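Structural overview for review
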Amino acid sequence: MSGEPRRIAVFGAGYVGLVTGACFAELGHRVTVRDVLPDRIAALQRGEVPIYEPGLDELLARNRDRLRFTTEVADAIDGAEVVYVAVGTPSTYSGDADLSAVWTVVDELPVVGERLVVVMKSTVPVGTGERVRDRLDARGMGAVGYVSNPEFTAEGTAVRDFMRPDRIVIGAFDAADGDLVAALHAGIDAPIVRSDVASAEMIKLAANAALMTRISFINEIANVCEATGADVVKVAEGIGLDHRIGPAFLRAGVGFGGSCFPKDSLALKQLAANSGYHFQLLNAVIEVNELQKRRVVGKLRHHLGTLRGTTIALLGLAFKPNTDDIREAPSLVLAGRLLAEGADVRVWDPVATSDELHGVTHVDTVAAAVAGADAAVLVTEWPELAELDWEALGASMRRRLLVDGRNMLDRDALRAAGFAYEGIGRGAG
Ligand code: UGA
């Protein structure tokens, strides 16, 4: 695998596109990132990073000389040997992936004389590569290569995940195109899985489905633990040490959210359904997750009776720590349910905000969120929540009730501080 520097155009300056562009620049390639949003591109040109992603600022700053930002397709393509597609593929009403941004990129590509390889980074349904191939061929661009190179980076750790991945998946119609994409990753020490395009597309969807299945599985075990007196934290430890199971993604909580899992689960469900297959297990995984987001309300009712007129503090808005992303965050469903129950809802998050949450009060500190509250609910496991003086915070509350939606805090310490503590799936404690 040769490590020759290449010229890469990245379409899309979102989380995935920026991380991909910055990491390829770090590996020595010359990268032009193109986006349709002029404000976003102008900010990037000024050296500002429009998203919160640890390590990304440093990477962009360090590789300034090898990175350019533009809104112009021609500018991005000029001299490029590889075009990465990293645009959004949100869900449509039917649950299918909305590929309109992908098609725009493909259709906007100029008919070029030189050899060019288009690489799909966006998560797309199986079969998309074939369709892109047909579309390129129909425009007389048969010489343009196509490769699927799905991303497995998680928000908050995306830079590390890109530079030190578990594996790199490359699905190509033509082996030489796959070789080129493999060579772009020279300097990264990871196994490379080479496959056909459809299998690469499916690897991405199946990986996310497997991870979601583990979360819904442990959440259901947690719910049975609550009913039977077992402690899911111990159960997860006990099963995770079995090498066939492994410890990752066995944290019970208020359910998964984010820009990927909810959308990708729907896309895979719909992909199966469109092919005439009813994906029962995935349907259950999605349903369990929806119910899990709502279970906290029952816990609050158990302690407080009716929630009408109560004040509830939600600690954390982001779908997980170290990101400002609130897409499909469990906090949104929880806040909506609590408001519907007639509670006053105060929300604290160190990074994330939401204009969509009508009727809640945003506050800047945990102290302001819990003062006079009837209960606090830990929704996102921000590390600073473990460092707080809960005894002092408890003293300011109307009732010392804490629902720990991530099993993060020391329940013995909380109880010693006079709290009624409820975790997720911690029956006996
Ligand atoms: C996820 C995958 O982890 C990435 O590999 C993938 O590339 C990405 O989706 C994508 O398709 O783009 P991400 O959504 O950023 O990444 O975040 P995760 O760390 O996977 O967390 C997803 C959700 O699962 C969060 O709400 C988190 O709180 C929840 N979770 C995770 C649990 O409830 N329990 C766990 O044990 C682990």
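Residues numbered from 1 in each chain as written. Predicted model: local features only at pLDDT ≥ 70, side-chain atom pairs only at ≥ 80, totals over all residues. Heavy atoms only, no water.

Moving on to the pattern of salt bridges. The full count for this structure, using the stated rule, is 29 salt bridges. A salt bridge links Arg295 to Glu226; the nearest nitrogen and oxygen atoms lie 2.7 Å apart. Pair noted here: Arg295 is in helix H12 (residues 280-304) and Glu226 is in helix H9 (residues 197-228), with a separation of 69 residues, a long-range link. According to the relative accessible area criterion, Glu226 is partly exposed, its value standing at 25%. Counted as one network, the salt bridges with shared partners bring together Glu226, Arg295, Lys299 and Glu422. (Salt bridge = Lys/Arg side-chain N within 4 Å of Asp/Glu carboxyl O. Helix = DSSP H or I, 4+ residues; strand = E, 2+ residues; numbered from the N terminus. Buried < 20%, exposed > 50% of the residue type's maximum accessible area, 1.4 Å probe, protein only.)

The subject of this paragraph is the domain arrangement of the protein. What the domain assignment reports for the protein is domain 1 (7-197) and domain 2 (229-422). Each of domain 1 and domain 2 was reduced to a C-alpha centroid, and the two centroids are 33 Å apart. Domain 1 puts 15 residues into the contact, and the matching count from domain 2 is 16 residues. The interface formed by domain 1 and domain 2 holds 1 salt bridge in total. (Domains from an automatic or database assignment. Contact = heavy atoms within 4.5 Å.)

It is worth spelling out the sheet that holds strand S11 (residues 361-363) at this point. As summarised here, the arrangement of the 6 strands in space is S11-S10-S9-S12-S13-S14, forming an open sheet in which the pairing is parallel. Of all strands in the sheet, those with a lone pairing partner are S11 and strand S14 (420-422), marking the two edges. Neighbour-to-neighbour, the strand axes of this sheet turn through a mean angle of 20°, independent of strand direction. Where strand S10 (residues 344-348) and S11 come together, 3 bridges link them in parallel fashion. When the sheet's bridge partners are listed, Arg346 is paired in S11 with Thr361. Here H12 sits on the sheet in contact with strand S9 (311-315), strand S12 (375-378), strand S13 (401-404) and S14, set at roughly 160° to S13. Contacting S9, S10 and S12, helix H13 (residues 330-340) runs over the sheet at an angle of about 175° to S9. (Pairing = 2+ DSSP bridges. Axes fitted to C-alpha atoms, helices over the stretch in contact; angles between N-to-C directions.)

Among the 20 residues in the neighbourhood of the ligand, the closest are listed as Glu151, Glu155, Lys204, Asn208 and Cys260. Arg251 has a polar backbone atom sitting 2.9 Å from an oxygen atom of the ligand. Coverage of the ligand by the protein amounts to 94% of the 720 Å² it exposes when considered alone. Contributing elements (two or more residues each) for the shell around the ligand: H9 and helix H11 (261-274). (Near = heavy atom within 4 Å. Polar contact = N/O pair within 3.5 Å; in protein donor to acceptor, adjacent residues only side chain to side chain. Areas by Shrake-Rupley, 256 points an atom, 1.4 Å probe, with all protein chains shown as cover.)

One pass over the structure, following the stated rule, counts 7 aromatic pairs. A ring pair is formed by Phe24 and Tyr84, whose centres lie 5.2 Å apart and whose planes are at 50°; its orientation type is tilted. Taken together, the residues Phe24 in helix H1 (residues 15-26) and Tyr84 in strand S4 (residues 82-85) connect sequence positions 60 residues apart. Each member of the pair, Phe24 as well as Tyr84, is classed as buried. An angle of 90° between the planes, with centres 5.7 Å apart, marks the rings of Phe256 and Phe261 as edge-to-face. (Phe/Tyr/Trp six-rings, centres within 6.5 Å; stacked < 30°, edge-to-face > 60°.)

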